[in-house]
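Tertiary structure, described
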Amino acid sequence: MVSTARGMRILPMGERALLAEVDTLADVLALRAGLAAAPLDGVSDLVPAARTVLVPFEPTRVPAAMVRVWIEHAWIEHASIERVSLEPGARSETTDTPAAASRTTSTTLDIAYDGPDLADTAELLGMGPGELAERHERAEWTVAFTGFAPGFGYLTSPDWTFDVPRLETPRTRVPTGSVGLAGGFSGAYPRETPGGWRLVGTTSASLFDPSAARPALLSPGDRVRFRRAASGAAARAEAVATEVERPEASVPPLSAPHAPVAIEVLESGLLATVQDLGRVGHASIGVARSGALDRGALRIANRLVGNPEGAAAVEVAMGGFRAVAERDVWMAVTGGFGPVAIDGRPVDVYEAHEWRRGSELRIGWLEHGARAYLAVRGGIEAVRAAGGGHGGSVLGSLSTDTLARLGPDPLRAGARLVLGRSPQTPVPPLDVAPWGPPPDELELELAPGPREAWFEASALRLLFEAVWTVSGDADRVGVRLDGPELVRTTAGELPSEGMVPGALQVPPGGRPTVLLADGPVTGGYPVIAVVTEASIDALGQARPGSRIRFRHARP
């Protein structure tokens, strides 16, 4: 259902999120501030973007109708007050009030204007490099939204009126700390990534530190000033947060005596990662949910060995995994179906088994499904990489995010898994749930997406009538589907907006991609529909060649 309230539209983003669309970036900032000023129980995050604010919520705690009313109230009662001061050319008197200041941080970033594109960009804008640097430094910036990478803030300013074109050919490597310009935005790269922004300076500020109590230095709504480093000096670029400090979180040593190493990886197969139920509530700083793609299989594996359902386990893609136990443990394998053996002796999946010290466990190549889950009693607490590095919890989760490179690295031969204390609960004597091999043909439920109106009516019919095939381009980030073309009625680009796992993005070619747990938190392709929570686990077991039919979600 689409609703409208005085210049704002509220669009569905599946069954667990709403997308509030406004006219300008100033409206986005004002709406986000209004929502933040009056939190609603059950809303897990606020994800602003170029023209929208994504509002994820938990339906078991708050109904969608109440979230709609809350958004409308924030827009009418709160956002209109702040919107006036955020229009281009206006000053920010309203955001300097004590109430607004309590919700934001003022940060100063030291910068050296030494970027490789400084001179060319200045010439494009009809000025000299010195004038460009002066204008950039003099502007008062606000973090409009984040995305692209954890901690990457899109900065906007009423003092910066230029529209800077991106590079025709993006760089394959943009160094950490590079400060760039694109469109009407400025931003600093928290880590080395590809990118097409024009680089005008350098900062060595710690823009994203997952071990800190406030991981992202720059969050939506924060105010930012750039301060030029002394002439000829490298940019020390130590960010000075003048209103909120970033104390370091306390991280316990991984060698704690209560967490002995218990598993050594001998062979990882195509991809083996550590996964739990993921990171919820951090999309506003650019961090995806991540976690197990088949959460039901993870929960059952943990229950079989007496663990809490969300304990970290090994997710094995397509099989080919071998490991040896360094002490006696209990284990269970669930999810994708294939041969499992201990010291060559076949063992059943979906059952708990003793795994004796020195014995080798092998998960063979999967015959059905795409991912198997290995849970060990006590759960995985940390990873010791073969090269000596440690991987622990990041933002409350041990999950490996393959896109953002958060959490432990994918497992390799020689990696050792640190287990926690065995729980007080016993190992259940019987199976806890019926099971069967994941099917090769899937029927998935779809809830409405925000951009149905961008497509011809025939596209919506095809979406539900066609049989789609999972292409070879499928991983933890997303699954590309082969099938008929979904034709748009709206041409042009969509400004980036918040995304959720299960979103069916449709690029110009017309073949949809379904985002999964490691997918980006913002994206610029229109979302025609969203896979429901009840169906998304099944999609995590889809392998290249699997056939998919979609049906409408039950109301």
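The model shown is predicted, which means the values in this text are computed figures rather than measured ones.

**Some thoughts on the packing of aromatic side chains**
Across all of its chains, the model carries twelve aromatic pairs by this definition. Taking the centre distance of 5.8 Å and the plane angle of 45 degrees together, the rings of Trp-141 and Trp-160 count as tilted. Here Trp-141, found in strand 7 (residues 141–147), pairs with Trp-160, found in the loop between strand 8 (149–156) and strand 9 (171–174); they are 19 residues apart in sequence, far enough to count as distant. Summarising the burial analysis for this pair, Trp-141 and Trp-160 share the class buried. Judged by centre distance (5.2 Å) and plane angle (70 degrees), the ring pair of Phe-152 and Tyr-154 falls under edge-to-face. By relative accessible area, Phe-152 is classed as buried at 1%. Tyr-154 sits in the buried class, given a relative accessible area of 13%. Taken together, the ring pairs in this structure connect Phe-145, Phe-148, Phe-152, Tyr-154, Phe-185, Tyr-189 and Trp-197 into an aromatic cluster.

**Points about the environment of Glu-15**
Structurally, Glu-15 can be placed in the loop between strand 2 (8–12) and strand 3 (17–21). A C-alpha to C-alpha distance of 9.3 Å links Glu-15 and Pro-56, two positions 41 residues apart in sequence. Within the local environment of Glu-15, its side chain forms a polar contact with the backbone nitrogen of Glu-533, the two atoms lying 2.5 Å apart.

**Points about the pattern of salt bridges**
Applying the stated rule across the entire model yields 32 salt bridges. Here Asp-41 and Arg-61 are joined by a salt bridge, their closest N and O atoms 2.5 Å apart. You can see Asp-41 sitting in the loop between helix 1 (25–37) and strand 4 (47–48) and its partner Arg-61 sitting in the loop between strand 5 (52–56) and helix 2 (64–83), a full 20 residues away along the chain. For the pair formed by Asp-41 and Arg-61, the shared burial category is exposed. Between Arg-173 and Glu-192 there is a salt bridge whose closest N-O contact spans 3.0 Å.

**With respect to the sheet that holds strand 36 (residues 527–531)**
Pairing in this closed barrel of seven strands is mixed, and the strands run 29-36-33-34-31-30-37 around the ring. Neighbour to neighbour, the strand axes of the sheet diverge by 40 degrees on average, direction disregarded. The sheet contact formed by strand 30 (residues 468–474) and strand 37 (residues 547–552) spans two bridges and is antiparallel. Paired with Trp-468 across the bridge in strand 37 is Ile-548.

**As for the environment of Trp-141**
Trp-141 sits in the buried class, given a relative accessible area of 1%. In sequence terms Trp-141 and Leu-155 are 14 residues apart; their C-alpha atoms lie 5.8 Å from each other. Excluding residues within four positions of it along the chain, Trp-141 makes contact with His-136, Leu-155, Thr-156, Ser-157, Trp-160, Ser-186, Asp-222, Arg-223, Val-224 and Phe-226. Only 3.2 Å separates the side chain of Trp-141 from the backbone oxygen of His-136, close enough to count as a polar contact.

**A few points about the nonpolar core**
By size, the foremost hydrophobic cluster in this structure holds 73 residues, and its most contacted members are Phe-321, Trp-355, Leu-374, Leu-411, Leu-463 and Phe-550. Ignoring anything within four residues of it in the chain, the contact list for Phe-550 reads Leu-444, Leu-446, Leu-463, Phe-464, Trp-468, Leu-481 and Leu-504. By size, the runner-up hydrophobic cluster in this structure holds 34 residues, among which are Leu-46, Val-55, Phe-57 and Ile-71.

**Some words on the environment of Thr-24**
On the secondary structure map, Thr-24 appears in the loop between strand 3 and helix 1. Accessibility expressed as a relative area gives 27% for Thr-24, which makes it partly exposed. With 27 residues separating them along the chain, Thr-24 and Arg-51 place their C-alpha atoms 5.8 Å apart. Contact partners of Thr-24, with chain neighbours within four places excluded, come to Ala-50 and Arg-51.

**With respect to the confidence of the model for the chain**
Mean pLDDT over the chain works out to 87, with 87% of the residues at or above the 70 mark. Confidence drops under a pLDDT of 50 for residues 84–102, and excluding neighbours within four residues, the segment shows 29 contacts in the predicted structure. Low pLDDT, under 50, characterises residues 231–259; the predicted model gives this stretch 70 contacts beyond four residues in sequence or across chains.

**Structural notes on the sheet that holds strand 19 (residues 321–325)**
With respect to topology, eight strands assemble into an open sheet ordered 22-21-24-19-16-28-26-27, the strand pairing being antiparallel. Only two strands of the sheet have a single partner each, and these edge strands are strand 22 (345–346) and strand 27 (390–391). Here three bridges tie strand 16 (residues 261–267) to strand 28 (residues 416–419), and the two strands are oriented antiparallel to one another. Pairing of Ile-263 across the sheet is with Leu-417, part of strand 28.

**With respect to helix 5 (residues 129–138)**
Within helix 5 the residues assigned to the buried category are Leu-132, Ala-133 and His-136. The buried residues of helix 5 all sit within an arc of 95 degrees when viewed along its axis, so they share a single face.

Thresholds applied
- Residues numbered from 1 in each chain as written.
- Predicted model: local features only at pLDDT ≥ 70, side-chain atom pairs only at ≥ 80, totals over all residues.
- Heavy atoms only, no water.
- Phe/Tyr/Trp six-rings, centres within 6.5 Å; stacked < 30°, edge-to-face > 60°.
- Helix = DSSP H or I, 4+ residues; strand = E, 2+ residues; numbered from the N terminus.
- Buried < 20%, exposed > 50% of the residue type's maximum accessible area, 1.4 Å probe, protein only.
- Polar contact = N/O pair within 3.5 Å; in protein donor to acceptor, adjacent residues only side chain to side chain.
- Salt bridge = Lys/Arg side-chain N within 4 Å of Asp/Glu carboxyl O.
- Pairing = 2+ DSSP bridges.
- Axes fitted to C-alpha atoms, helices over the stretch in contact; angles between N-to-C directions.
- Contact = heavy atoms within 4.5 Å.
- Core = buried A, V, L, I, M, F, W, Y, C linked by side-chain atoms within 4.5 Å.
- pLDDT = per-residue confidence, 0-100.
- Arc of directions from axis to C-beta.

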